[in-house]
Amino acid sequence: MTDELLPQVRQAWLDVLGLEEVPLDVNFFETGGNSLLLIILHGELSSLASRELLIADLYRSNTVLSQVQLLAQEGAKNP
């Protein structure tokens, strides 16, 4: 499951942050993100979640890898 989610979460970060590359283990805010961009990211990732994804979840799980794990734990939707 995480193998399928990693490229999707990574691409969401790239799209939201407008970057060509993003580290997998660096905090969203350290890569140039801010609270408004986190809300946009929430919208992108919500479509992958099988339950309601809270913005607070993304504050706690604030790296690409931790967000992949969060979505995998919850049982992500099949794209």
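This is a predicted model, so every value here is computed, not measured. (Residues numbered from 1 in each chain as written. Predicted model: local features only at pLDDT ≥ 70, side-chain atom pairs only at ≥ 80, totals over all residues. Heavy atoms only, no water.)

Draft legend 1. Summary view of the nonpolar core. Within the largest apolar cluster, 20 residues are counted, with the highest numbers of intra-cluster contacts made by Val-9, Trp-13, Phe-28, Leu-41, Leu-45, Leu-53 and Leu-71. Top element by residues in this core is helix H1 (residues 2–17). It accounts for seven residues. If near-sequence neighbours (up to four positions away) are discounted, Phe-28 is found in contact with Trp-13, Val-16, Leu-17, Gly-33, Asn-34, Leu-37, Leu-38, Leu-41 and Asn-62. (Core = buried A, V, L, I, M, F, W, Y, C linked by side-chain atoms within 4.5 Å. Buried < 20%, exposed > 50% of the residue type's maximum accessible area, 1.4 Å probe, protein only. Helix = DSSP H or I, 4+ residues; strand = E, 2+ residues; numbered from the N terminus. Contact = heavy atoms within 4.5 Å.)

Draft legend 2. Spotlight on the pattern of salt bridges. Considering all chains together, one arrives at three salt bridges under this definition. Asp-57 is the partner of Arg-60 in a salt bridge, and the nearest nitrogen-oxygen pair spans 2.9 Å. Here Arg-60 pairs with Asp-57, and both are found in helix H3 (residues 55–60), just three residues apart, close to one helical turn. Classification of Arg-60 by relative accessible area gives exposed; the value is 60%. When its relative accessible area of 7% is taken as the criterion, Asp-57 is described as buried. Counted as one network, the salt bridges with shared partners bring together Arg-51, Asp-57 and Arg-60. (Salt bridge = Lys/Arg side-chain N within 4 Å of Asp/Glu carboxyl O.)

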